[in-house]
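Architecture at a glance
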Amino acid sequence: MNPAVPQNGKRTILHITPHLGGGVGSVLLNYLEVVRHDRHFTHRICSLEYANERSLKASRTSGFPLHDKMFNDINSLLAAANQADIVLVHWWNHPLLYALLVRESFPPARIIFWSHISGLNPPYVFSDPALAYPDLFVFTSPISLKTKEVVKLGLERQERLRVIWSTGGIEHITSVKPKPHTGFNIGYIGTVDYGKLHPHFLDMCLGINIPEAHFTVCGGSSEKQIQAELTRDKNRFTFTGPIANIKPYLSEFDIFGYPLAPYHYGTCEQVLGESMAAGIPPVVLANPTESYIVENEVTGLVAQNEASYMRAIESLYYNSDLRKRLANNARKAARKMYSLDLMAERWEKVFDEALQYPKTPRQWTGNHQGKGVSAAQVFIESLGQSATIFEKSLNAQTEREKEKALEGIKSLYGSSQLWRSGTKGTANHYHLFFPEDKNLKLWADLTN
């Protein structure tokens, strides 16, 4: 791969992303389509892992250079970073991204991190070395400013924080019109896995006292396992698996039921914005992310607990006037909050600001850094304040110390279903990429 070279006097933005697909991929691809004729900046992407077929096709049709599997060609990646005017790292706890940051010394560059996680719940958290690494650290949601790691930062570091709302746009949804249908459809679209979805999702659905209610659950990746948990009223549920086009489903949803786990990692919840843009009143739980997006009794209903979530959906079933009012307000709010043009304007301002910084070399400043760092130590560096018990396991000298540390890890895993996920920055996730590491295998096996 040839390093980035400015074209026609434009400044070059090099995007480094762990992979290019899913929600973050949609945000980035749709953004690049909006700015493809920008007079000031040109963009290229380096994906450490894969780029999905949609991304590869978009690269060919829109003209931005895209290189995937770049973790296998670190030297070319670092050379491109050095040549680019700005490096924008799409940041979350991904094994390959952390391995790059912890093990490698970056050449002189201007670096921005854009966090695609809230940072509220481990193992998707901010660490002090991560916050200190870039010139500017940009959050996707203001809720990240309330995390304990960010709150304790000194004034100088606080001044380098920014917020740019992440969106893939909702223009493709605004044409959705309600379609006549039988029954009362309560829809969910998104991650169908208890790392994101509330662990009592099925019980909450079954506890809703609406005789003609039908639940449509769109998405993956654990939909088959969750569907298998149903022991009654199976005919009231439809599990579609992943879908390419959500519009036909949105046209038949009466309510968007979106009960997420209290420990989830999301920030801007694109599907929530899309449902609101389609005029479907949402019912959510009072987690920080959803409470920021949905204004209770104005653009949807925000339930304080599981019981009130069920009652909220029932209240909308019996009150069509309230449904219509919430739907109209939700549609207006989503068009403003999820505007791609507004996101592009904000990024141009941040890029202009970043250009004022000199290019400087970077080195990870954690307890473990350099090429000799093991995969287990990379994992530890990703965990911030949650790393202590894993560090104790790594350094245990006696059998008693080892056993005590492993019991502590088991206890930590019991605090949140997120720790047991096959991805999401867990030991399982790191072991998937670094199967030879014995400590990662030991910690991953504890989730079984």
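Residues numbered from 1 in each chain as written. Predicted model: local features only at pLDDT ≥ 70, side-chain atom pairs only at ≥ 80, totals over all residues. Heavy atoms only, no water.

Examining the layout of surface pockets
Its volume calculated, the second largest pocket comes out at about 330 Å³. Along the wall of the second largest pocket there are 20 residues; nearest its centre are Pro-178, Phe-253, Asp-254, Gly-279 and Ala-327. Take the lining of the second largest pocket: its biggest share by element is six residues, from helix α14 (residues 320-337). (1 Å grid on protein atoms, 1.4 Å probe; cavity = no way out; pocket = protein on both sides within 12 Å on 5 of 7 lines; lining within 4 Å. Points joined across faces, edges and corners; volume = space filled by probe spheres on them. Helix = DSSP H or I, 4+ residues; strand = E, 2+ residues; numbered from the N terminus.)

Let's talk about the sheet that holds strand β14 (residues 255-258)
Ordered by their spatial adjacency, six strands build an open sheet running β13-β12-β11-β14-β15-β16, and the pairing between neighbours is parallel. Looking at strand neighbours, the two that pair on one side only are β13 (237-241) and β16 (301-303), the edges of this open sheet. Neighbouring strand axes in the sheet, compared pairwise and without regard to direction, differ in orientation by 25° on average. Strand direction decides the pairing type here: strand β11 (residues 184-189) and β14, joined by two bridges, are parallel. In the strand pairing of β14, Gly-187 is matched with Phe-256. Helix-sheet contacts for helix α13 (residues 306-318) involve β11, β14, β15 (282-285) and β16, and the interaxial angle to β15 is about 170°. (Pairing = 2+ DSSP bridges. Axes fitted to C-alpha atoms, helices over the stretch in contact; angles between N-to-C directions. Contact = heavy atoms within 4.5 Å.)

Topic: the packing of aromatic side chains
Throughout the structure, instances matching the rule amount to 32 aromatic pairs. Ring geometry for Phe-126 and Phe-137: centres 5.8 Å apart, planes at 90°, overall edge-to-face. A residue pair is termed long-range when its members are at least 10 positions apart, and Phe-126 in the loop between β8 (124-125) and α5 (128-132) and Phe-137 in strand β9 (residues 136-139) qualify at eleven residues. Residue Phe-126 shares its accessibility class with Phe-137, and that shared class is buried. (Phe/Tyr/Trp six-rings, centres within 6.5 Å; stacked < 30°, edge-to-face > 60°. Buried < 20%, exposed > 50% of the residue type's maximum accessible area, 1.4 Å probe, protein only.)

Coordinates in, geometry out; function isn't part of it.
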